[in-house]
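# A structural walkthrough
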Amino acid sequence: MPTHPPGRLVVILLVDDDDGDVQLTLEAFEDGRLGNQLYRAKDGEQAMAFLGREGKYADAPRPDLILLDLNMPRMGGRELLAELKSDPALAGIPVAIVTGHEGEGEILKAYNLGVDCYITKPIDVTKLMIAVCSIPHFQVAVVTTSSAA
């Protein structure tokens, strides 16, 4: 499972089609002074291209964590999660579902597909980091930026 040398930024792939939710996530990371590398894919197909380093993503880094929305066009979060967990090369990447749906049935379906944690929107960075750090064998070196005093 991922471990990170000191000073290396954690690479996070955010898979979400909603520009407003993406902006809120970026603001949450800024407010939490998290300086990790955050990349975005707008749907599951774009995420698979990123992960497979296809086309314009030829130089894409391997993410240490995927933040995944469930409801997206073309390839939704459930389908992407199923593909990730069935691919030996990608199955080890921790996935956190980040969605507005918090029904018990939705949460159970996500865990049955192999999600590592489930977080409801809007993202609260503290809750996100607590949830992510609870993933077995996943050590997150949270990189923070100092605030000007």
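Look a little higher up for the structure.
The following paragraphs examine the structure supplied in this document. Fair warning: this is a prediction, and the values are worked out from it, not measured in the lab.

Under the definition given, this model contains 2 aromatic pairs. Ring geometry for Y39 and F50: centres 5.5 Å apart, planes at 50°, overall tilted. One end of the pair, Y39, is in strand β2 (residues 37-41); the other, F50, is in helix α2 (residues 44-51), and 11 residues separate them in sequence. Looking at Y39, the relative accessible area reads 29%, which means it is partly exposed. On the basis of relative accessibility, which here comes to 4%, the residue F50 falls in the buried class. Grouping aromatic residues by their ring pairs yields a cluster made of Y39, F50 and Y57.

Turning our eyes to something else, we now look at the sheet that holds strand β1 (residues 11-15). If you trace the 5 strands from one edge of the open sheet to the other, you get β2-β1-β3-β4-β5, paired in parallel fashion. At either end of the open sheet lies a strand with only one pairing partner, and these are β2 and β5 (117-120). Looking at each pair of strands side by side, their axes are set apart by 25° on average, direction ignored. Summarising the sheet, β1 and strand β3 (residues 65-68) pair through 4 bridges and their orientation is parallel. Looking at the pairing, I12 lines up with L65 of β3. Its contacts with the sheet place α2 against β1, β2 and β3, and it is angled at close to 155° to β1.

This part takes up the side chain of D43. Here D43 lies in the loop between β2 and α2. At 2.8 Å, the side chain of D43 and the backbone nitrogen of Q46 are in polar contact. Ignoring anything within four residues of it in the chain, the contact list for D43 reads V15, M72, P73, R74 and M75.

The next thing to look at is the environment of A110. Its location among the elements puts A110 in helix α4 (residues 104-112). By relative accessible area, A110 is classed as buried at 4%. Every residue in contact with A110, bar those within four places of it in the chain, is listed here: L81, I97, V115 and Y118.

Each value, and the rule that gives it
- In this convention, every chain numbers its residues from 1, walking through the sequence in written order.
- The model is predicted, so local features are restricted to residues of pLDDT at least 70 and side-chain atom pairs to those at 80 or more, both for listing and for counting; the totals for chains, interfaces and linings are taken over all residues.
- The side-chain quantities take in all heavy atoms of the structure and omit both hydrogens and water.
- For Phe, Tyr and Trp, where Trp contributes only its six-membered ring, two rings pair if their centres lie within 6.5 Å, and the inter-plane angle classes them as stacked under 30 degrees, edge-to-face over 60, or tilted in between.
- Put simply, DSSP H or I for four residues or longer makes a helix, DSSP E for two residues or longer makes a strand, and each gets a number counted from the N terminus.
- Buried residues are those whose accessible area, probed at 1.4 Å on protein chains only, stays under 20% of the maximum for their type, while exposed residues exceed 50% and partly exposed ones sit between those limits.
- Between any two strands, at least two bridges found by DSSP are needed for them to pair.
- Between the N-to-C directions of two axes lies an angle of 0 to 180 degrees, each axis being a line fitted to C-alpha atoms and, for a helix, fitted only over the stretch in contact.
- A contact between two residues is defined here by any heavy atoms of the two lying within 4.5 Å.
- Pairs of N or O atoms within 3.5 Å make up the polar contacts considered here, provided that, within protein, one atom can donate a hydrogen while the other can accept it, and that residues adjacent in sequence are counted only when both atoms are side-chain atoms.

Scope: geometric values only; no functional claims are made or implied.
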